[in-house]
Amino acid sequence: MSGATGYRWVNALGRWPGARFEGVRTDGERVVLSPGTAVLEPLAVADLDPAGGPLGLVVPGDGTVLVADPGHGRVLRVDGCDHTVCVLGCLDVATGDPAALRRPRGLWLLDGGRLLVVGDEPGDGRPVRAGRARGMVVCADTGEYLTPWTDPPPAEDPVLRAARERIGGLAAIRGPDGVLVVGGVRQRPGPGLVLVPDDGSPARVLAVGDLAGIAIDRCGRVFVAGPGGIARQGARRTGTRGIVVLPAPIEPPGIEHWDRVRVLLAEPAPPGTHVRLWTMRASTGGPPESPDPASADADDAPVPTAPGRWRAGPLDGLDVRVLSAPAAPGARLWIAVELLGDGSGTPRVDDVRVEHVGRGLLDALPAAYTGDDDGSGTLGRLLGLLAGAHEASVRALEELPASLDPGSAPDRPDDPWLERLAGWVDVAPSRSADPATRRADVAGAYAAHGRRGTPAGLIAAVARETGVRVRLSEPLLEAGIWRLGSGGLGRDTAVHVADPGPPVLDATAVLDGAHLVSAQERGLPLYAAFAHRVCVHVPPEHADALPEIAHVVERERPAHVFARVRVERPGAIPGLVGVDTRVAGPPPARAAGAGTALGTGIRLPGPAAAHVGGPLGARLDTTLPTPGGRGSTTGPSPRG
């Protein structure tokens, strides 16, 4: 219907080859908006005078912030708990030397809780001479003077110096992704806090403000200082605008141009975000400049757009036609994807598809009807309009194979294909937020149905729908026939009430005295109290999910099986200590003469008849079934 003869994905063979990013970055293989500016959270208000240079700023391990104030000849200390501000000593009179520092500027933390303070000139205003103090070492906690400092100040890292000179900043530190620089009026791209990435990409502003000092603590938090005081960098918001310029794939022989572009989003664009497509045919070798709305054609401008000129698509239009006139031979189609947002979210572009549809439906008409119309004339545009009415159906048919695959079917509220597949295979996908888990549940439905009704299938169904791993036990597996002197009668064994096989009159059955069973129930009388019963043990920490688990068990159990769901209690339950058994707490305290009397509620081990206080001549009578259904064996009991 669309007349498409070929298409290619821009990101099919690599991570956006040949692309140029501005304000965007790749998140895995997807393009998203780069983080935008951050909010500076005021930490302490102070009257700081940079005096035309940087402010020394350090953050010791206890959270205290120390900042140099050269304009007022002091170092301020900001408490790490209540953020109160006080003066750290009086550096111009601490030594009694009239040449003591009056303009402290550089701060360095030394070992042993010492602080190096370096000034940019001595107290008398004369240049520093050899042997004269360039600074002083004081106690970082109290400001107590310790010793003069005559050596040159510590050398700045060449990488930091290069980044600072590139931006025109005053101070710089190394961050996790690059160098953070603060600067003044000469700074580019703007005054404030700037990140110079290590990968060579363009510098970007993280926070705006009149800043002259910067430091980072052991936890990676960034502190900045300016004339108004000290602030801490808060969470960064998402950028508001970014653009990626992409080259279309090289056209195969016989195709004049790509004339349709589609953008594939990884998920619907969040509220407050938008996507706009731009197209241009140009002969330029490298990526052209980003589209400028002032010099580009709008989406409703007359067609065709001249070569080398950008043309905008409609806002949030993810499927646009290339309405540029053909350029010189060897020209290439360039695509610009513009991402917009309000700072709270970002669109996620998964890929871009370019198609060659030729003249569309014109190719299905005789040449006498089409004439010289290349698809942009009245007839071509009218047929394109009619084809657009069926575009949704055509696209659904093209994407049907991917929609029928659990690994690629859309799993979104507005396109719940995975839920449809789950209904077709009669499975409820996991409630897990992990998409891979939900897709695995649908893909494994066939195998899960083969295990339905088995212990493993019941445990898997509970885990899939509730997220709880339960333990299942079958009393039949631990049951046995009681014999005199073995087992615990009434606990894990029972006396059989009939012959296990089909009855034979006058041989294994007595008229009006035998329990008759059919051949299908052979052996059932021996285990009637244990057969077709299971117990589902729920961990105590998931006791609140008991009703939901019971619902799943009731649905998944075989019809002839009775199932009981219970919460495991700490106690002496046979199992593996530390795995599925919890050791009970200490026994309750008992006082002499209190509690249950021995012999009534408390019994010693042994047969039930041999209890303390019983007659010495007590006899133990045990009646066992005989092939005739009657009979007894009597023996004397032991005497004390």
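For clarity, every value in this text was computed on a predicted model and none was experimentally measured.

Conventions we followed
Residues numbered from 1 in each chain as written. Predicted model: local features only at pLDDT ≥ 70, side-chain atom pairs only at ≥ 80, totals over all residues. Heavy atoms only, no water. Pairing = 2+ DSSP bridges. Helix = DSSP H or I, 4+ residues; strand = E, 2+ residues; numbered from the N terminus. Axes fitted to C-alpha atoms, helices over the stretch in contact; angles between N-to-C directions. Contact = heavy atoms within 4.5 Å. Phe/Tyr/Trp six-rings, centres within 6.5 Å; stacked < 30°, edge-to-face > 60°. Buried < 20%, exposed > 50% of the residue type's maximum accessible area, 1.4 Å probe, protein only. Lys NZ or Arg CZ within 6 Å of the ring centre and 35° of its normal. pLDDT = per-residue confidence, 0-100. Core = buried A, V, L, I, M, F, W, Y, C linked by side-chain atoms within 4.5 Å. Salt bridge = Lys/Arg side-chain N within 4 Å of Asp/Glu carboxyl O. Polar contact = N/O pair within 3.5 Å; in protein donor to acceptor, adjacent residues only side chain to side chain. Arc of directions from axis to C-beta. Parallel < 35°, antiparallel > 145°, perpendicular 65-115°, else oblique. Left-handed = near helix turned anticlockwise from the far one by under 90°. Nonpolar A, V, L, I, M, F, W, Y, C, P; charged D, E, K, R; others polar.

Asks: Explanation requested: the sheet that holds strand S32 (residues 562–567) in the structure shown.
Replies: Remark on secondary structure: sheet strands pair via backbone hydrogen bonds, oriented parallel or antiparallel. Spatial ordering of the open sheet is given by S28-S31-S32, a layout of 3 strands whose pairing is mixed. At either margin of the open sheet sits one strand with a lone partner, and together these are strand S28 (471–473) and S32. With direction set aside, neighbouring strand axes in the sheet form an average angle of 25 degrees. Pairing of S28 with strand S31 (residues 533–538), which is carried by 3 bridges, proceeds in the antiparallel orientation. When the sheet's bridge partners are listed, arginine 471 is paired in S31 with histidine 537. Its contacts with the sheet place helix H11 (residues 546–556) against S31 and S32, and it is angled at close to 165 degrees to S32.

Asks: I would appreciate a short explanation of the packing of aromatic side chains in the present structure.
Replies: Using the criterion set out here, one finds 1 aromatic pair in the structure. Relative to tryptophan 424, the ring of tryptophan 417 lies with its centre 6.1 Å away and its plane at 85 degrees, an arrangement referred to as edge-to-face. For tryptophan 424, a relative accessible area of 58% gives the class exposed. Above the ring of tryptophan 417, the side-chain terminus of arginine 420 is found at 4.9 Å from the ring centroid.

Asks: What is the right way to look at the environment of isoleucine 459 in this model?
Replies: Mapping isoleucine 459 onto the fold places it in helix H9 (residues 455–466). Judged by relative accessible area, isoleucine 459 falls into the buried class, the value being 15%. Along the sequence, isoleucine 459 and valine 553 sit 94 residues apart, while their C-alpha atoms lie 8.9 Å from each other. The contacts of isoleucine 459, once residues within four sequence positions are left out, are Arg469, Val470 and Leu472.

Asks: Just checking my understanding: could you explain the sheet that holds strand S24 (residues 311–312) for this structure?
Replies: Spatial ordering of the open sheet is given by S2-S21-S26-S23-S24, a layout of 5 strands whose pairing is antiparallel. Whereas interior strands pair on both sides, the edge strands pair on one side only; in this sheet they are strand S2 (20–22) and S24. Of the pairings in the sheet, the one linking strand S21 (residues 241–247) to strand S26 (residues 332–341) comprises 7 bridges and is antiparallel in character. Directly across from arginine 241, in S26, lies its bridge partner leucine 340.

Asks: What exactly am I supposed to notice about the pairing of strand S20 (residues 229–238) here?
Replies: On any regular strand, side chains alternate: one points to one face of the sheet, the next to the other face. Of the pairings in the sheet, the one linking strand S5 (residues 35–45) to S20 comprises 7 bridges and is antiparallel in character. Directly across from valine 45, in S20, lies its bridge partner glycine 229. Inspection of the sheet shows strand S19 (residues 222–226) paired to S20 by 4 bridges, in the antiparallel sense. Each residue of the ladder has a partner; that of valine 224, found in S20, is alanine 231. Hairpin connection of S19 to S20: 2 residues between the antiparallel strands.

Asks: Please explain the confidence of the model for the protein as it appears in this structure.
Replies: Any residue range with low pLDDT should be treated as having predicted coordinates unsuitable for detailed reading. On average, residues of the protein score 76 in pLDDT, and 71% of them reach the 70 mark or higher. Across the protein, the element-wise mean pLDDT spans from 39 in strand S33 (residues 620–622) up to 94 in S24. Within the model, the stretch residues 122–126 combines pLDDT values under 50 with 9 contacts to residues more than four positions away or in other chains. Taken as a whole, residues 609–640 scores under 50 in pLDDT and shows 30 contacts with residues more than four places along the chain or in a different chain.

Asks: Would you take a moment to explain the nonpolar core for this structure?
Replies: If you look at soluble globular proteins, the nonpolar side chains tend to sit buried side by side. By size, the foremost hydrophobic cluster in this structure holds 23 residues, and its most contacted members are Val261, Ile335, Val337, Val349 and Val352. Breaking this core down by element, the ones donating at least two residues are strand S4 (30–33), S21, strand S22 (260–265), strand S23 (273–282), S26 and strand S27 (349–356). Sort the elements by how many residues they give to this core and S26 lands first, with 4 residues. With sequence-adjacent residues up to four places away left out, isoleucine 335 is seen in contact with Val244, Val245, Leu246, Ala248, Val261, Leu277, Trp278, Trp310, Val352 and Val354.

Asks: I keep staring at the pattern of salt bridges and nothing clicks. Help me out?
Replies: Two side chains of opposite charge can pair, provided their charged atoms sit close to one another. Within the structure shown, the criterion is met by 22 salt bridges. Here aspartate 350 and arginine 30 are joined by a salt bridge, their closest N and O atoms 3.2 Å apart. Of this pair, aspartate 350 sits in strand S27 while arginine 30 sits in strand S4; the two residues are 320 residues apart in sequence, bridging distant segments of the chain. Judged by relative accessible area, which is 23%, aspartate 350 ranks as partly exposed. Classification of arginine 30 by relative accessible area gives partly exposed; the value is 31%. A salt bridge links arginine 555 to glutamate 465; the shortest N-O distance between them is 2.3 Å. Taken as a pair, arginine 555 in helix H11 and glutamate 465 in helix H9 lie far apart in primary sequence, 90 residues in all.

Asks: What exactly am I supposed to notice about the side chain of glutamate 465 here?
Replies: Glutamate 465 gets classed as buried once you look at its relative accessible area, which sits at 15%. One polar contact links glutamate 465 to arginine 555, side chain to side chain, over a distance of 2.3 Å.

Asks: When you look at the side chain of glutamate 355 in this model, what are you seeing that I'm missing?
Replies: By secondary structure assignment, the location of glutamate 355 is in strand S27. Side-chain polar atoms of glutamate 355 contact the side chain of arginine 262, separated by 3.5 Å. A polar contact of 2.8 Å, which involves the side chain of glutamate 355, links it to the side chain of arginine 353.

Asks: What should I look at first to understand helix H6 (residues 417–424) in this one?
Replies: Of the residues making up H6, those classed as buried are Trp417, Leu418, Leu421 and Ala422. On an axial view of H6, the arc spanned by its buried residues comes to 145 degrees, and they lie on one face. Once H6 ends, the next one or two residues include aspartate 426, with phi positive near 55 degrees.

Asks: When you look at the environment of threonine 238 in this model, what are you seeing that I'm missing?
Replies: Inspection of the secondary structure assignment puts threonine 238 in strand S20. For the pair threonine 238 and alanine 38, spaced 200 residues apart in sequence, the C-alpha to C-alpha distance is 9.0 Å. In this structure threonine 238 touches Leu33, Ser34, Pro35, Gly36, Gly343, Gly345 and Thr346, once residues within four positions along its chain are discounted.

Asks: How should the packing of H9 against H11 be read in this particular structure?
Replies: When two helices pack together, their arrangement is given by the angle between the helix axes and by the axis-to-axis distance. Direction vectors running N to C along H9 and H11 enclose 140 degrees, while the axes themselves pass 10 Å from each other. As the angle between them shows, H9 and H11 are arranged oblique. For H9 against H11, the interelement crossing comes out right-handed. Residue-level contacts link Leu458, Ala461, Val462, Glu465 and Thr466 of H9 to Glu548, Ile549, Val552, Val553, Arg555 and Glu556 of H11. Residue composition of the contact of H9 with H11, by class: 6 nonpolar, 1 polar and 4 charged.

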